[in-house]
Amino acid sequence: QVQLVESGGGLVQAGGSLRLSCAASGSTFSNYGMGWFRQALGKEREFVGRISRSGDITYYADSVKGRFTISRDNAKNTVYLQMSSLKPEDTAVYYCATRSASSGTFQYKYWGQGTQVTVSS
């Protein structure tokens, strides 16, 4: 069992920056890769990016590539999403989730409650 709590969301103007944090507890954090997702009002949840267990490998959706950066500090059991050059279309609830192997593939099993990010024009 892993508990995840996102924080750092808020209101920011277009072009601004924001850093989200995801704090983990309950199990060994370094055992899991981590992913970030977002869901805008009335839209499907979408993948934002992910980071490997060690933090050496990251992958981003095309929509955020070059603007968002994922990092992690395993000593603090925390993963971060640094968001820059924010656009109104980035407005969404942002979620973090654990990424682990299961049944021959990877799955996002444990999820946080989400944090709201609102970007004004």
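Provided above is the structure to which this section pertains.
If you're wondering where the values come from, they're calculated on a predicted model, not measured in any experiment.

Draft legend 1. Just the sheet that holds strand β3 (residues 18–25), in detail. The strand order across the open sheet formed by four strands is β1-β3-β8-β7, and the pairing between neighbours is antiparallel. Looking at which strands have only one partner, the edges of the open sheet turn out to be β1 (3–7) and β7 (68–73). Averaged over all adjacent pairs, the angle separating strand axes in this sheet is 15 degrees, with direction ignored. As defined by bridge partners, β7 adjoins strand β8 (residues 78–83) across six bridges and the pair is classed as antiparallel. Bridged to Thr-69 within β8 is Gln-82.

Draft legend 2. Structural view of the nonpolar core. In this structure, Met-34, Trp-36, Leu-81, Met-83 and Tyr-94 are the most contacted members of the largest nonpolar core, which totals 27 residues. The set of elements that each furnish at least two residues to this core consists of β3, β4 (33–39), β5 (46–51), β7, β8, β9 (92–102) and β11 (115–120). For this core, the element with the highest residue contribution is β3, accounting for four residues.

Draft legend 3. The state of the cysteines, seen in detail. Across all of its chains, the model carries one disulfide by this definition. With its sulfur 1.9 Å from that of its partner, Cys-22 forms a disulfide with Cys-96. Disulfide Cys-22 to Cys-96: torsion about the S-S bond roughly 60 degrees, handedness right-handed. With Cys-22 in strand β3 and Cys-96 in strand β9, this residue pair connects regions lying 74 residues apart in the sequence.

Draft legend 4. Geometry of the environment of Gly-55. Within the secondary structure, Gly-55 sits in the loop between β5 and β6 (58–60). Sequence separation of Gly-55 and Ser-71 is 16 residues, and the distance between their C-alpha atoms is 6.5 Å.

Quick notes on the rules
Residues numbered from 1 in each chain as written. Predicted model: local features only at pLDDT ≥ 70, side-chain atom pairs only at ≥ 80, totals over all residues. Heavy atoms only, no water. Pairing = 2+ DSSP bridges. Helix = DSSP H or I, 4+ residues; strand = E, 2+ residues; numbered from the N terminus. Axes fitted to C-alpha atoms, helices over the stretch in contact; angles between N-to-C directions. Core = buried A, V, L, I, M, F, W, Y, C linked by side-chain atoms within 4.5 Å. Buried < 20%, exposed > 50% of the residue type's maximum accessible area, 1.4 Å probe, protein only. Disulfide = S-S within 2.5 Å.

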